[in-house]
Amino acid sequence: MVDKHASLNPGPPTTVVLFGATGDLSKRKLIPGLFRLTTNELLPHLRIVGTSLDDHTQESFLNFARESLAQFEGNISDEEWANFARRLTWAPGGTAKALKKAVAKAEAGLDEPQNRLHYLSVPPQAALAVIKTLDQAGLAEGARIVMEKPFGTDLESARRLNASVHEVFDEEQVFRIDHFLGKEAALNILAFRFANGLFEPIWHRNMIDHIQIDVPEALGLEQRAAFYEATGAYRDMVVTHLLQVMAFTAMEAPTSLAPAAITEEKNKVFRSMLPIGPDDVVRGQYSGYRNEDGVDPESETETFIALRCFVDNWRWAGVPFYLRTGKNMAEGMRIISIAFKEPPKSMFPPGSGIGQSGPDHLTFDLADESKMSLSFYGKRPGPGFRLDKLSMQFSVGETNSSAHVLEAYERLILDAVRGDRTLFTTAAGVERLWEVSKELISDPPPVRPYAKGTWGPNQIHQLIAPRAWRLPFERAWRG
Ligand code: BG6
């Protein structure tokens, strides 16, 4: 295979110990991601120890991995499979002894000492048990761990979880993953803002009317009823992905690209946030949710949420950020939309088309194509002076380097292996987000019904009025 990433130094020799190795995330994202990191030569010296509470053997784990690749990687050659399979070791049962033995087996005969990365693809209750096992097995020292959300369910539980983690691992060893921050398009927000002179001067309350971060999902529960019922849209998507993306959009220029500098600016955004109260929020539940298998027939869990929040600092005071996400909605999209203020005075008369399609906008699409669009009013060709909404659009797919896009998990595993914490969240950041959520969590507004395949309950329009939601788009992206 051609090495598309030859300009990058390969990561250090590493053993990834994958907890929850036979779960859904592992099958869909982690095993394919690890496979690509080896075939791309980004992690040429990788060993993987898989473990979970499922009843597997070395042979059945290999079958699981092969199926995962067949389903999510497509056709891979026998040679590529053989090269990957030789790196896999199964550790049965999850006990300290079995784990220690499996890691020793995986690393036997290697010339150089391996770094160790423990990937905890397990629910929070299980995470603490895993951390204890790692401690008992003597596998914690000098290692890094990747943890999956939810990082607690409120401020108290987040503090307890962080304190328990810190009994075994120092904060520098802990990598809390938020896969939205591993998306190319999320990183492109930083490039766009801080690598150009053009945009930063207008990135300000003087020029910007409001910002929308809109992530509707067409998907439903996907066999995750038990998880979702206890979690809901706010904890599943907002405290994690949407607010993290908001931090990239709102933060000040960091003093450098170093992880600590970026983390500090993100955490300043969180510290500046005003508390989110019940009046700022519309919670929704799609009709039929209570009849889903595994869902309480009287469930008050929200499958949809739209909210307004404020970053109350010099740059953003008074500028509303509108966030929305939900399941079983009309379309799956992930956009950030920056709406600029109207010009102070207009020579264009009513009826000319001015303002007819909302304000001028900058839009980021967080899908893999990493699209951006600047929409503005321009003259309609022909006699008179009529205005149309036009746009300049960009897509990574049009560049020569589109084949280099790393899938979010692939990118973040590589960063964790290299010890680069830039795209990971800290205990302090997570705890602050629970703090601003306190009022909402203790006094949530009622859930409003919405029909599947729509954009949410009607109340969403009052929430944003006199403004309007950008989605559904009036005009589709250019193909
Ligand atoms: C996950 C949530 O973190 O993100 C899911 O638990 C959601 O409910 C998913 O569907 C969305 O991620 P992506 O990358 O598919 O947009």
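Below: a short report on this structure.

Here strand S1 (residues 14–19) lies mainly inside the structure; 6 of its 6 residues are buried. Examined bridge by bridge, S1 and strand S4 (residues 115–120) share 6 bridges and lie parallel to one another. Across the sheet, Val16 pairs through a bridge with Leu117, a residue of S4. In terms of strand pairing, S1 meets strand S2 (residues 46–51) through 6 bridges, oriented parallel.

If you add up the space inside the second largest pocket, you get close to 800 Å³. The wall of the second largest pocket is formed by 39 residues, among which Ser357, Gly358, Pro359, His361 and Lys389 lie closest to the centre. Elements that contribute at least two residues to the lining of the second largest pocket include exactly strand S7 (208–216), strand S12 (361–365), strand S13 (372–379) and strand S14 (387–394). Here the element with the most residues in the lining of the second largest pocket is S13; it accounts for 4 residues.

It is worth spelling out the site of the ligand at this point. Surveying the vicinity of the ligand reveals the residues Lys149, His179, Phe180, Lys183, Glu217, Arg224, Asp236, Met237, His241, Lys327 and Arg334. Contact between the ligand and Lys183: an oxygen atom at 2.6 Å from a side-chain N or O atom of the residue. Within the side chain of Asp236, one N or O atom sits 2.6 Å away from an oxygen atom of the ligand. Its residues placed into classes, the shell around the ligand shows 2 nonpolar, 2 polar and 7 charged.

The next thing to look at is the pattern of salt bridges. One pass over the structure, following the stated rule, counts 24 salt bridges. Between Glu264 and Arg271 there is a salt bridge, with its nearest N and O atoms 3.2 Å apart. Residue classification places Glu264 among the partly exposed residues on the basis of a relative accessible area of 35%. One network of salt bridges, in which partners are shared, links Arg193, Glu200, Glu252 and Arg315.

A few words now on empty space enclosed by the protein. Inspection of the entire model under this criterion finds 3 cavities of 30 Å³ or more. Space inside the largest cavity adds up to approximately 100 Å³. Elements with a contribution of two residues or more to the lining of the largest cavity: helix H9 (232–250) and helix H12 (427–436). Counting residues per element, the lining of the largest cavity draws most heavily on H9, which supplies 4 residues. In the lining of the largest cavity, the residues fall into 6 nonpolar, 4 polar and 3 charged. Each pocket or cavity is described by its volume, and for the second largest cavity that value is around 50 Å³. Lining the second largest cavity, in full, are Leu120, Val122, Pro123, Pro124, Ala127, Met147, Glu148, Pro150, Phe151 and Leu161. Within the lining of the second largest cavity, the residues separate by chemical class into 9 nonpolar, no polar and 1 charged.

The strand order across the open sheet built from 6 strands is S3-S2-S1-S4-S5-S6, with neighbouring strands paired in parallel fashion. Of all strands in the sheet, those bounded by a partner on one side alone are strand S3 (88–90) and strand S6 (174–176). Each strand of the sheet is rotated relative to its neighbour by a mean of 20°, with strand direction disregarded. Sitting on the sheet, helix H2 (residues 58–72) is in contact with S2 and S3, with an inclination near 130° to S3. Across the sheet, helix H5 (residues 124–136) lies against S1, S4 and strand S5 (144–147), angled at about 155° from S4, the strand it touches most.

Below, the discussion takes up the nonpolar core. Counting residues in each nonpolar core, the largest one holds 139 residues, and the members touching the most others are Tyr119, Met246, Phe248, Met273 and Leu323. The biggest single contributor to this core is H9, with 12 residues. Once you skip the residues sitting within four places of it in the chain, Tyr119 turns out to touch Val16, Val17, Leu18, Phe19, Leu25, Leu30, Val146, Glu148, Ile177, Tyr409 and Ile413.

Okay, the packing of aromatic side chains next. Scanning the entire structure with this criterion turns up 14 aromatic pairs. Centroid distance Trp81 to Phe84: 6.4 Å. Interplanar angle 55°. Geometry classified as tilted. On the criterion of helical spacing, the pair formed by Trp81 and Phe84 is a turn pair, its members being 3 residues apart in helix H3 (residues 78–85). Phe84 sits in the buried class, given a relative accessible area of 1%. Through successive ring pairs, a cluster of aromatic residues spans Phe192, Phe199, Trp203 and Phe364. We note Lys379 situated over the ring of Phe385; from NZ or CZ to the ring centre the distance is 5.8 Å. One cation-aromatic arrangement involves Arg421 over Phe175; the distance from NZ or CZ to the ring centre is 5.1 Å.

With that settled, the discussion passes to unusual backbone geometry. Here the amide bond leading from Lys149 into Pro150 is cis, since omega sits at 5°, within 30 degrees of zero. One can find Pro150 in the loop between S5 and helix H6 (155–168). Following Leu471, the chain continues to Pro472 via a peptide bond in cis, the omega torsion being 0°. Relative to the helices and strands, Pro472 is located in the segment after helix H14 (459–464). With phi around 60°, Gln223 is a residue other than glycine that occupies positive phi space. The residue Gln223 is located in the loop between S7 and helix H8 (225–229) in this model. Of the residues examined, Gln223 reaches a relative accessible area of 82% and is grouped as exposed. A positive phi angle is found at Asn328, which is not glycine, with a value near 55°. Here Asn328 lies in the loop between strand S10 (320–326) and strand S11 (335–340).

Parameters at a glance
Residues numbered from 1 in each chain as written. Predicted model: local features only at pLDDT ≥ 70, side-chain atom pairs only at ≥ 80, totals over all residues. Heavy atoms only, no water. Buried < 20%, exposed > 50% of the residue type's maximum accessible area, 1.4 Å probe, protein only. Helix = DSSP H or I, 4+ residues; strand = E, 2+ residues; numbered from the N terminus. Pairing = 2+ DSSP bridges. 1 Å grid on protein atoms, 1.4 Å probe; cavity = no way out; pocket = protein on both sides within 12 Å on 5 of 7 lines; lining within 4 Å. Points joined across faces, edges and corners; volume = space filled by probe spheres on them. Near = heavy atom within 4 Å. Polar contact = N/O pair within 3.5 Å; in protein donor to acceptor, adjacent residues only side chain to side chain. Nonpolar A, V, L, I, M, F, W, Y, C, P; charged D, E, K, R; others polar. Salt bridge = Lys/Arg side-chain N within 4 Å of Asp/Glu carboxyl O. Axes fitted to C-alpha atoms, helices over the stretch in contact; angles between N-to-C directions. Contact = heavy atoms within 4.5 Å. Core = buried A, V, L, I, M, F, W, Y, C linked by side-chain atoms within 4.5 Å. Phe/Tyr/Trp six-rings, centres within 6.5 Å; stacked < 30°, edge-to-face > 60°. Lys NZ or Arg CZ within 6 Å of the ring centre and 35° of its normal.

The values reported here are purely geometric and, on their own, carry no functional implication.
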